[in-house]
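Geometric and topological summary
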Amino acid sequence: MKKNNLFKFICLTPVIVYAILLILLPLVYILFLSFCESDSYGGIIYHFTLSNYFTIFDITYVKIFLKSSLIALSSTFLCILISYPFSIFLRDKSEKTRNLMIKLVMVPFLTNSLIRTYGWIVLLRKTGIINSALINLNIIDHPLNLMYNNLGIVIGMTYTLLPFMILPVSSAVFKIDQSLIEAARDLGAGPISIFRKIIVPETISGVFNGSLMVFIPAIGYFFIADILGGGKAMIIGNLIKNQFLTARNWPLGSAISIFLIIVTFGLVQIYKKLGGKLDDLGGM
Amino acid sequence: MKKVIVLMIVIFLLSGCSSGSSYKGVVNVLNWTSYIPDNVIKDFEDEYNIKVNYGTYSSNEELLAKISSSKEGTYDVIFPSDYMVELLISKGLLQKIDKNKLSNSVNVDRTFLNQTYDMSNDYSLPFLSTIVVMAVNRNHLKDNISSYNDLLNEKYKNNIVLIDDQRIIIGMALLAKGYDMNDTNIYHLDEAKEWLLDLKDNVKAYDSDSPKTFFITEEADIGIMWHAEAEIAKEENPNIEIIYPSEGHAISTDNYTIVKGAKNINNAYLFINYLMRKEVALKITEEYPYISPLKITQKSKVSVDHVFSKGFYVKNIGLDIKNYDKLWADIK
């Protein structure tokens, strides 16, 4: 018994040290910074103030929060829209096919996400593959504006974050008891009511779990907004980045980061209230 | 078998050591990415038998963070831009330069000296300069474009690429409105904001990394970008015309400076003096068409008089930067 504890201790120490040094300490530092003032040269004045938190509620920044949330919500919604048919289609397939398809979803994500995002430029730009194909097929006369706007950002976010939705949704869909669906069919339910009355209620926690994992990064991934949005739309991620680089206002950047963490906690609380298990968020 | 592997590892390690120790000294350099061709560094190492430890950064703010967070003596030579030189001096992070140790400083054109950020060049000497210009693809646009205000034309909807730099772009709007590029008056900034909102529909993208790509792929026909970038685009596509806006332009000069507490001062002077040779400057500007402050035949076509007669440096504006940052968030 004692030996077992020692073993546990040895195994856990690196993780605990890692978490304290690289996650907890920086977070505490950011929390501390968010109550400081900044001087004109980007330095920090150690003088307590709440002004950074008031600044967040300036109309300029509120608009950015709303725009970011809208982009993140659209991406989340699109991810759900893609994940359901995919999972339902795979449900009837053999274990082997399922595993293969899920692996195929994961494989591209072993490549750096920045490179994959650049890859989208080749597809989406004015003279890109999609526009050229559509023009050559005489479907459109003028190239569509697929990127350098909010549409480009939503496409990029949806693509990058899709696996985080597919994994929980498909695992929830696979778990549904086949007899439930058969019973519904016997009682005369069509595909739509089966989806509405059985599949949705049975998988809602998976969807919420996926939504959290898509929505939260989607408000912060500034490189996608920069590359596919052409730097025109500022999302919260860009706003924070700017405070740390160009504006040299670390305290405000910290305050926005802390605010984002609070919002995230709020969403997790809602998830718990709706009956979600915290284990599901980490244990995929 | 085991012995062979151990032996091989030992040989491998030793060979690594020996190649590192044949130099008689080092100089620790921190410079912008894509700024000095590799062979220029290599030639210096061979000539002086001094190893150059070359690190890079991609913004002045990143440089500031690296210098202020690392131990004194980590770096010897750095290349901050104008406003960052001023800031580093005020923070006491630089040491004075002894020009007697730089015999090649006679090659520097006096026009580039005694600038506002370091009035008597006590701490810095200019390395390379560039200015902001307009680039226009003449294949698609024949119109007469000479002023920033010409960009507001509704015809150019979704057709302009701008560098993603708030000081330069807000500065451009201020110049278009007839104000100083570093104006901090909030009413003038409001006018600049209106101007940029008028321009918004015409903007295809903000891109600092490679605005020239938009020209090469014909994604945009007008660009506000650094001069060197426009020259490179022009090499790819000869139909690009480079236009110097009538209201003036932003200048940026990167400078040689020596960090306070530098450990290899003599090597640092040798390195700077080497880069100030005319033939070395020619090699550098051949590859990267920036404007050299040395009295050489410039590859870049812009005249030095023009650079300064209508050029403005980005200046440190203290806490007013917060108003700029908010304006930037408003127009995006």
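Residues numbered from 1 in each chain as written. Chains lettered and ligands numbered in written order. Predicted model: local features only at pLDDT ≥ 70, side-chain atom pairs only at ≥ 80, totals over all residues.

Residue and element names in this part refer to chain B. Relative to the elements of secondary structure, T297 occurs in the loop between α10 (278-287) and α11 (304-309). With 8 C-beta atoms counted inside 10 Å, the residue T297 sits in the exposed group. For the pair T297 and H188, spaced 109 residues apart in sequence, the C-alpha separation works out to 40 Å. (Helix = DSSP H or I, 4+ residues; strand = E, 2+ residues; numbered from the N terminus. Buried ≥ 20, exposed ≤ 12 C-beta atoms within 10 Å, placed from the backbone.)

Let's shift gears to the domain arrangement of chain B. All names here are of chain B. As assigned here, chain B comprises domain 1 (24-127 + 254-299) and domain 2 (130-250 + 312-331). A C-alpha centroid distance of 29 Å is found between domain 1 and domain 2. With 11 residues of domain 1 in contact, the opposing surface of domain 2 contributes 8 residues. In the side of domain 1 that touches domain 2, the residues fall into 7 nonpolar, 2 polar and 2 charged. (Domains from an automatic or database assignment. Contact = placed C-beta atoms within 7 Å. Nonpolar A, V, L, I, M, F, W, Y, C, P; charged D, E, K, R; others polar.)

For the rest of this paragraph, the subject is the interface of chain A and chain B. Each partner contributes to the interface: chain A provides 22 residues, whereas chain B provides 25 residues. At the level of secondary structure, the elements contributing two or more residues to the side of chain A that touches chain B comprise α3 (59-91) and α11 (236-244) of chain A. Counting residues per element, the side of chain A that touches chain B draws most heavily on α3(A), at 3 residues. For the side of chain A that touches chain B, the class distribution of residues is 9 nonpolar, 9 polar and 4 charged.

With 142 residues, the main nonpolar core has A218(A), V77(B), A135(B) and A173(B) as its most contacted residues. Here the element with the most residues in this core is helix α7 (residues 150-175) of chain A; it accounts for 13 residues. Mapping this core onto the domain boundaries places at least three of its residues in each of domain 1 (24-127 + 254-299) and domain 2 (130-250 + 312-331) of chain B. Discounting residues that sit within four places of it in the chain, V77(B) has contacts with V27(B), V29(B), Y256(B), I258(B), A268(B), F271(B) and I272(B). (Core = buried A, V, L, I, M, F, W, Y, C linked by C-beta atoms within 7 Å.)

The next subject is helix α4 (residues 82-90) of chain B. All names here are of chain B. Of all 9 residues in α4, 7 are buried; the element is thus mostly enclosed. Among the residues of α4, those classed as buried are D82, Y83, M84, V85, E86, L87 and L88. Contacts from the buried residues of α4 go to α3 (60-69), β4 (94-95), β10 (249-259) and β11 (311-313). The positive-phi residue at the C-terminal boundary of α4 is G92, with phi of around 70 degrees.

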